Amino acid sequence: MRVIVTGGAGFIGSRLVHALVGEGHETIAIDNLSMGDAGRLPAGVKLYKLQVEAPETTEWISRLRPGAVFHLAAQVGMGSSLQAPSEDGLSNVIGTLRVLEGCRQAGSKLVFSSTSGVYGESKGKRLLKETSPKLPFAPYGLSKWTAEEYIRKSGDWWGGSYTILRYANVYGPGQTARGEGGVVACFMARIRDGLPLVIHGDGEQSRDFVHVDDIVKANLAALERGDGEVCNIGTGVATSVNRLADCCERLSGSGSLGRIYEPSRNGDVRCSRLSSARAESILGWKPSIPLELGLSRLLGGMNL
Ligand code: NAD
């Protein structure tokens, strides 16, 4: 099948592109390379260097008539979204509308990468279900939620085919500590340099860490299944940032590098963990890489 991956040169997108090519799909990437790296794309994959919010995105999708569009291009930083909500809205809301219009014209399925950020703060350590209240704190969560709403409505307006995947905290090979890089990538970079690990807040905030290869599998499953559905993609396991730091040090054999505690970041939720029961019943998807295994593989790949 011909497929398009927006954000295809990014952390998750490039991993997905490799998997799609491996499965024999004719894969095309759209990316403005603001955070992505064209060097991550396999040979032979065509890259359209575009702002996803530009009208050309709709035109290219319409012209190329892919069977599916995986839409990952986005402004992904919570802090950046607070600094520049208009830019966040342009990428995440207008960008999604451009993709959506292209999918309507081409008759393509849309697989949308959303985030646990749409839920905002949850009470206690409750598992978040797809039906849990949506109380996004930052423009990032709000723009992703708004994009989701457009996608859902488009099903009513035009009968388009879509699956929305809401990811927990993704980690794995290819993630960088650049910008507001994931905490795992930030810890790995500090361990490599023998520096103390930097933690925002008291470190007792907890997250649901899901491996990028499990995210890729969920996207592949959505090619065939999950029409008109929204599914959380997480492990259901909450790990505190302090515990993650201990684990990274232990598995790397670095010994204790010490900690630097910095003020907590505006909008950092206390606990986030996702129930993926729906993904299991609808997509046949389950997380397959436990955190310690994923971290060991990452550390192994770093040749410390
Ligand atoms: P990333 O920054 O590595 O990838 C995003 C890609 O989109 C980059 O290559 C960037 O250059 C490109 N991009 C950004 N703005 C663009 C624009 N306006 N036009 C065209 N291209 C643009 O981030 P990622 O972690 O790979 O995230 C991919 C998707 O997954 C995003 O939609 C993100 O919201 C979602 N997500 C990620 C996580 C996570 O923990 N990494 C969690 C939940 C959801």
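In this text, all values refer to a predicted model and were calculated from it rather than measured experimentally.

> Got a minute to help me understand the site of the ligand in this structure?
Of all residues adjacent to the ligand, which total 29 residues, the nearest are Asp31, Val52, Leu72, Tyr140 and Lys144. A distance of 3.1 Å separates a nitrogen atom of the ligand from a polar backbone atom of Asn32. Val170 is positioned with one of its backbone polar atoms (N or O) 2.9 Å from an oxygen atom of the ligand. Taken by itself the ligand offers 820 Å² of open surface, and the protein chains cover 92% of this. With 3 residues, strand S5 (residues 109-115) is the largest single contributor of residues to the shell around the ligand. Counted by class, the shell around the ligand contains 15 nonpolar, 11 polar and 3 charged residues.

> What's the story with the packing of helix H6 (residues 183-192) against helix H10 (residues 291-302) in this structure? I'm lost.
When two helices pack together, their arrangement is given by the angle between the helix axes and by the axis-to-axis distance. At a minimum axis separation of 12 Å, H6 and H10 run at an interaxial angle of 40 degrees. The angle between the axes of H6 and H10 places the two elements in the oblique class. The hand of the H6/H10 crossing is right-handed. Of H10, the residues touching H6 (which contributes Val184, Met188 and Arg192) are Leu295, Leu298, Leu299 and Met302. Partitioned by chemical class, the residues of the contact of H6 with H10 number 6 nonpolar, no polar and 1 charged.

> Would you take a moment to explain the sheet that holds strand S11 (residues 229-233) for this structure?
Strand pairing in a sheet relies on backbone hydrogen bonds. The paired strands run either parallel or antiparallel. Taken in spatial order, the 7 strands of this open sheet run S3-S2-S1-S4-S5-S6-S11, and their pairing is parallel. Edge positions in the sheet fall to strand S3 (46-49) and S11, since each has one partner strand and no second. Looking at each pair of strands side by side, their axes are set apart by 20 degrees on average, direction ignored. Pairing analysis gives 6 bridges linking S5 to strand S6 (residues 162-167), with the strands arranged parallel.

> What's the story with the pattern of salt bridges in this structure? I'm lost.
When the charged atoms of two side chains lie near each other, side chains of opposite charge can form a pair. Scanning the model with the defined rule gives 14 salt bridges in all. A salt bridge links Arg270 to Asp202, with the nearest nitrogen and oxygen atoms 2.8 Å apart. Taken together, the residues Arg270 in the loop between strand S13 (259-262) and helix H9 (277-283) and Asp202 in the loop between strand S8 (197-200) and strand S9 (206-207) connect sequence positions 68 residues apart. Of the charged contacts, one joins Arg265 and Asp268 as a salt bridge, the two residues approaching to 3.5 Å between their closest N and O atoms. Residue classification places Asp268 among the partly exposed residues on the basis of a relative accessible area of 22%.

> Would you explain the packing of aromatic side chains in this entry?
What describes a pair of aromatic rings is the distance from one ring centre to the other and the angle between the planes of the rings. Counting across every chain of the model gives 3 aromatic pairs. Look at Tyr48 and Trp60: their rings are 4.3 Å apart centre to centre, the planes differ by 40 degrees, and that puts the pair in the tilted class. Here Tyr48 is found in strand S3, whereas its partner Trp60 is found in helix H2 (residues 55-64), with 12 residues between them in sequence. Note on Tyr150 and Trp157: the rings are 6.4 Å apart at their centroids and 65 degrees apart in plane angle, and the pair reads as edge-to-face. Residue classification places Tyr150 among the partly exposed residues on the basis of a relative accessible area of 32%. Counting every residue linked through ring pairs, the aromatic cluster contains Tyr150, Trp157 and Trp158. Between the NZ or CZ atom of Arg63 and the centre of the ring of Trp60, over which it lies, the distance is 4.7 Å. The lysine or arginine in question, Arg104, covers the ring of Trp158, its NZ or CZ lying 4.2 Å from the ring centre.

Procedures and definitions
- Residues numbered from 1 in each chain as written.
- Predicted model: local features only at pLDDT ≥ 70, side-chain atom pairs only at ≥ 80, totals over all residues.
- Heavy atoms only, no water.
- Near = heavy atom within 4 Å.
- Polar contact = N/O pair within 3.5 Å; in protein donor to acceptor, adjacent residues only side chain to side chain.
- Areas by Shrake-Rupley, 256 points an atom, 1.4 Å probe, with all protein chains shown as cover.
- Helix = DSSP H or I, 4+ residues; strand = E, 2+ residues; numbered from the N terminus.
- Nonpolar A, V, L, I, M, F, W, Y, C, P; charged D, E, K, R; others polar.
- Axes fitted to C-alpha atoms, helices over the stretch in contact; angles between N-to-C directions.
- Parallel < 35°, antiparallel > 145°, perpendicular 65-115°, else oblique.
- Left-handed = near helix turned anticlockwise from the far one by under 90°.
- Contact = heavy atoms within 4.5 Å.
- Pairing = 2+ DSSP bridges.
- Salt bridge = Lys/Arg side-chain N within 4 Å of Asp/Glu carboxyl O.
- Buried < 20%, exposed > 50% of the residue type's maximum accessible area, 1.4 Å probe, protein only.
- Phe/Tyr/Trp six-rings, centres within 6.5 Å; stacked < 30°, edge-to-face > 60°.
- Lys NZ or Arg CZ within 6 Å of the ring centre and 35° of its normal.

Just distances and angles here, no functional claims.
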